[in-house]
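# Coordinates in review
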Amino acid sequence: MADIQTVAAGWKQALFEYVNTVNEASLRGDETRLRAAADPAHGSRLAERMLRASRRDAERGIRVLRSEVRARIERHTDLGREVTADVALHMIRTCEQKGVEWQEERIERERIRFALIDGEWKVDGAEPLLAEGSVQMMWVPVDEPDGPFERTESLPSVPLIYTHPLGAERNRPRVFAAGGADGLGGVQLNDSFTRRGIPYRRDLAVAYAERWWNEPNPQYEYFEVNCTNYVSQCLFAGRAPMNYTGRRESGWWYKGRVGGREWWSYSWAVADSLRRYLAMPRSFGLRAQEVDAPEKLKLGDVICYDWDGTGRFGHNTIVTAFTADGEPLVNANTVASRHRFWDYQDSYAWTKNTRYRFFHIADEF
């Protein structure tokens, strides 16, 4: 019988082989190896998204020059002959189009089950822990363009909040100021919406997006489904003024938590609510113009994703770079992503019914 150290090394070696297989198969476009990398369900998920992304890249003349996957075991449960591990996979690809290179990164989390079968550790099953299509509360207006709102699903009003080590400090109400890569300094919340002529600092929005794409800013609450909270922070760092109403169903604002109570607008943290807020015309404050093509976007603009074509948008990203052909590369959260191709065909959430909305944020508020 193998000793404990050999057994431990065995499942970790199986993890190494799994990660290496997935990386090499994706780089070479080898569908058969991907389908065999895990259980049939997950193998099919891996293969289908790889095929979609490969076809897209081929149509646009995008080449993957290098690919690397780094694995970090976040936690695991060892039952002797079976181990279940939650693993963060940091994927790094160097892409090229017409001589222009960029590095795309994303961090995906999987729960992988290993089993000792006939004296050999093998991957017995795997599934994504969190994807862009994760369920989030949707709010829709009843009879006014900016409220009141009604709940459309029996779910919490915002996603699960991770506990942050600042503890009680995070329960104190805070008045934020816009501007800077850390989101601090500039226009005070109390007068931000009454002042006119504030320029949108796209450079600051992008700098913030680059700084915080793969870790939470401790100045804000962090959600499990964090895409819209992250995009709102980026817009605010670019000096988009908050519209504080004191009503969660209206305006666009954030104050943290007060006595343990959520104290931010739905538009700040819920994907469909932010999309509705950007779509509503207004003469000043945070506003946007919807455009009909991604090539018409600029740095710091926003893309919204309706995965099933139902009219409910479940994901948001912010534009942080462009390909040689002028198509956006985006940063996002939930699945932490940096310089990812805008159409998300490499996402588990993508379907043939996926629809997009492209919002050009006003140059001046």
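Since the structure is predicted, the reported quantities are computational estimates derived from the model, not experimental observations.

The next thing to look at is the environment of A237. Here A237 lies in helix α6 (residues 227-237). Using a relative accessible area of 0% as the deciding quantity, one classes A237 as buried. Counting along the chain gives 29 residues from A237 to Y208, while the straight-line C-alpha distance between them is 6.5 Å.

Before going further, it helps to spend a moment on the packing of aromatic side chains. For the coordinates displayed, the defined rule picks out 20 aromatic pairs. Relative to W268, the ring of Y220 lies with its centre 6.1 Å away and its plane at 20°, an arrangement referred to as stacked. Taken together, the positions of Y220 in the loop between α5 (202-212) and α6 and W268 in helix α7 (residues 266-269) put the pair 48 residues apart, joining distant regions of the chain. Note on Y220: relative accessible area 1%, which makes it buried. Centroid distance Y356 to F358: 6.2 Å. Interplanar angle 15°. Geometry classified as stacked. Across from the ring centre of Y244, 4.5 Å away, lies the NZ or CZ of K255, which sits over that ring. Between the NZ or CZ atom of R282 and the centre of the ring of Y277, over which it lies, the distance is 3.7 Å.

For the rest of this paragraph, the subject is the side chain of R340. Position of R340 relative to the elements: it lies in strand β15 (residues 336-341). Of note is the side chain of R340, whose polar atom sits 3.0 Å from the side chain of S337. Leaving out residues up to four positions away in the same chain, R340 has contacts with E104, R106, E132, P328, L329, V330, V335, D346 and S347.

What follows deals with the pairing of strand β3 (residues 100-117). In terms of strand pairing, strand β2 (residues 82-97) meets β3 through 16 bridges, oriented antiparallel. Note that in β3 the partner of E96 across the bridge is E101. The turn linking β2 back onto β3 is made up of two residues, and K98 within it adopts a positive phi angle of 55°. Pairing analysis gives three bridges linking β3 to β15, with the strands arranged antiparallel. Its bridge partner being in β15, E105 is matched across the sheet by R338. Two strands pair when backbone bridges link them, and β3 and strand β4 (residues 120-128) are joined in this way by eight bridges, in the antiparallel orientation.

Another aspect to go through is the packing of α5 against α6. Viewed as axis vectors pointing N to C, α5 and α6 meet at an angle of 140°, and their least axial separation amounts to 7 Å. Between α5 and α6, the crossing angle belongs to the class labelled oblique. Our pair here, α5 against α6, has a crossing hand that is right-handed. Two secondary-structure elements touch here, α5 through L204, A205, Y208, A209, E210 and W212 and α6 through Y230, Q233, C234 and A237. The class makeup of the residues in the contact of α5 with α6 is eight nonpolar, one polar and one charged.

Rules and cut-offs
- Residues numbered from 1 in each chain as written.
- Predicted model: local features only at pLDDT ≥ 70, side-chain atom pairs only at ≥ 80, totals over all residues.
- Heavy atoms only, no water.
- Helix = DSSP H or I, 4+ residues; strand = E, 2+ residues; numbered from the N terminus.
- Buried < 20%, exposed > 50% of the residue type's maximum accessible area, 1.4 Å probe, protein only.
- Phe/Tyr/Trp six-rings, centres within 6.5 Å; stacked < 30°, edge-to-face > 60°.
- Lys NZ or Arg CZ within 6 Å of the ring centre and 35° of its normal.
- Polar contact = N/O pair within 3.5 Å; in protein donor to acceptor, adjacent residues only side chain to side chain.
- Contact = heavy atoms within 4.5 Å.
- Pairing = 2+ DSSP bridges.
- Axes fitted to C-alpha atoms, helices over the stretch in contact; angles between N-to-C directions.
- Parallel < 35°, antiparallel > 145°, perpendicular 65-115°, else oblique.
- Left-handed = near helix turned anticlockwise from the far one by under 90°.
- Nonpolar A, V, L, I, M, F, W, Y, C, P; charged D, E, K, R; others polar.

As far as function goes, none of this settles anything; it's purely spatial.
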